[in-house]
Amino acid sequence: MSDSPRQEAYTHGHSERILRYLSQRTAERDADLLLPHLRPGMRILDFGCGPGSITLGLASAVAPGEAVGVDIEPSTLDHARALAEERGVQNVRFQVASVYELPFPDGSFDAAFSRSVIEHLADPLGALREVRRVLRPGGVLAVDDGDYGGFIFTPPDPLVKEAMDLYLRVLQQNGGNSWRGRELRGMLRTAGFSCVVASAGVTEVQGTPEDTRAWGEFVAGLLMRPSFIEQVTQLGWANQSHLEEMADAFRAWGEHPDAFWVVVLCKAVGWAE
């Protein structure tokens, strides 16, 4: 192992606004491809667990087994621990770790999961191979990632479209790939998983006034993050004034009574040999 594991740039950042939004995710909705394969007594790894709302659902599915959530950002794990205490979930623990160098022996887990992690990684195959290492033979892995080759929104707005194009461009600059969802089945197979099955659903469906307003505020907050502004302006892709215009446009879009937003979510499940 190297002394300093690879660190990835999480384009969303870890602001309070971001963590609140991510905390709305649940295992029932976001890990539905994996849940039928879980049994009581299993030990499961949630890598890139963020604020832990999915991890807690996975813990319930394997109780009295254990769920372990790992993330490279300590502040998100503080939120995860607080959420676990609030909900009284005891068969879960969280620790700081890189998916490229997991601090667990070979064959430590019966199952593993990630939600919207692979799209942010510069070396997804390296990460998947490391996850495979810590799975026992016959262990199951499920991964979910959005694919922005299939997203729609209405009403159309040039500034909203420009803002999303800019976000995806920054994601690519940071080593991620917004079209990874379609590649999940092939990546799991290449990483050594067998019997790989892929499917698709929808995620980030915003179709109520509350949903679209929250999504508009979420993206506006992302565009106004100091680190995002600094990166974009240094690259010469937009100035702060134009970023403010895009943020205002996204907030206005979120308030529109006809606003609707859908992103395709791709999923794959496979087994360690």
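Located above this text is the structure these notes cover.
Residues numbered from 1 in each chain as written. Predicted model: local features only at pLDDT ≥ 70, side-chain atom pairs only at ≥ 80, totals over all residues. Heavy atoms only, no water.

> Explanation requested: the nonpolar core in the structure shown.
A general feature of soluble globular proteins is that nonpolar side chains tend to end up buried together. One finds Leu243, Phe250 and Trp261 to be the most contacted residues of the largest nonpolar core, which totals 33 residues. Counting only elements with at least two residues in this core, the list comes to helix H1 (16–22), strand S5 (135–154), helix H6 (158–173), helix H8 (209–223), helix H9 (226–235), helix H10 (240–255) and strand S7 (260–272). Counting residues per element, this core draws most heavily on H6, which supplies 8 residues. Counting 30 residues, the second largest nonpolar core, distinct from the first, contains Val134, Leu184, Ala191 and Ala268. (Core = buried A, V, L, I, M, F, W, Y, C linked by side-chain atoms within 4.5 Å. Buried < 20%, exposed > 50% of the residue type's maximum accessible area, 1.4 Å probe, protein only. Helix = DSSP H or I, 4+ residues; strand = E, 2+ residues; numbered from the N terminus.)

> Please clarify how helix H5 (residues 124–134) should be interpreted in this entry.
The complete set of buried residues in H5 reads Pro124, Ala127, Leu128, Glu130, Val131 and Val134. Looking straight down H5, one finds its buried side chains confined to an arc of 160°; they lie on one side. (Arc of directions from axis to C-beta.)

> Whenever I open this one, helix H3 (residues 53–62) confuses me. Can you help?
An α-helix turns once per 3.6 residues; consequently, residues spaced three or four apart project the same way. When you tally the buried positions in H3, you get 8 out of 10 residues, the bulk of the element. Taken together, the buried positions of H3 are occupied by Ser53, Ile54, Thr55, Leu56, Gly57, Leu58, Ala59 and Val62.

> Looking at this structure, how should I read the environment of His242?
Its place among the elements puts His242 in helix H10. Considered as a pair, His242 and Leu159 are 83 residues apart in the sequence and their alpha carbons are 9.4 Å apart. Excluding residues within four positions of it along the chain, His242 makes contact with Leu159 and Glu162. (Contact = heavy atoms within 4.5 Å.)

> I'm lost on the side chain of Glu130 in this one. Help?
Along the chain, the position of Glu130 falls in helix H5. What makes Glu130 buried here is its relative accessible area of 11%. Reaching out from Glu130, the side chain makes a polar contact with the side chain of Arg133 at a distance of 2.9 Å. In contact with Glu130, other than residues within four places in its own chain, are Val99, Tyr100, Glu101 and Leu102. (Polar contact = N/O pair within 3.5 Å; in protein donor to acceptor, adjacent residues only side chain to side chain.)

> I keep staring at the packing of aromatic side chains and nothing clicks. Help me out?
Two aromatic rings, taken as a pair, are described by how far apart their centres are and by the angle between their planes. Applying the stated criterion across every chain yields a total of 10 aromatic pairs. Arranged with centres 6.0 Å apart and planes meeting at 70°, the rings of Phe250 and Trp253 form a pair that is edge-to-face. Taken together, the residues Phe250 and Trp253, both in helix H10 and 3 residues apart, mark about one turn of the helix. Assigned by exposure class, Phe250 and Trp253 land together as buried. Counting every residue linked through ring pairs, the aromatic cluster contains Tyr148, Phe151, Phe153, Trp215, Phe218, Phe250, Trp253 and Trp261. Over the face of the ring belonging to Phe109 we find Arg43, whose NZ or CZ atom lies 4.4 Å from the ring centre. (Phe/Tyr/Trp six-rings, centres within 6.5 Å; stacked < 30°, edge-to-face > 60°. Lys NZ or Arg CZ within 6 Å of the ring centre and 35° of its normal.)

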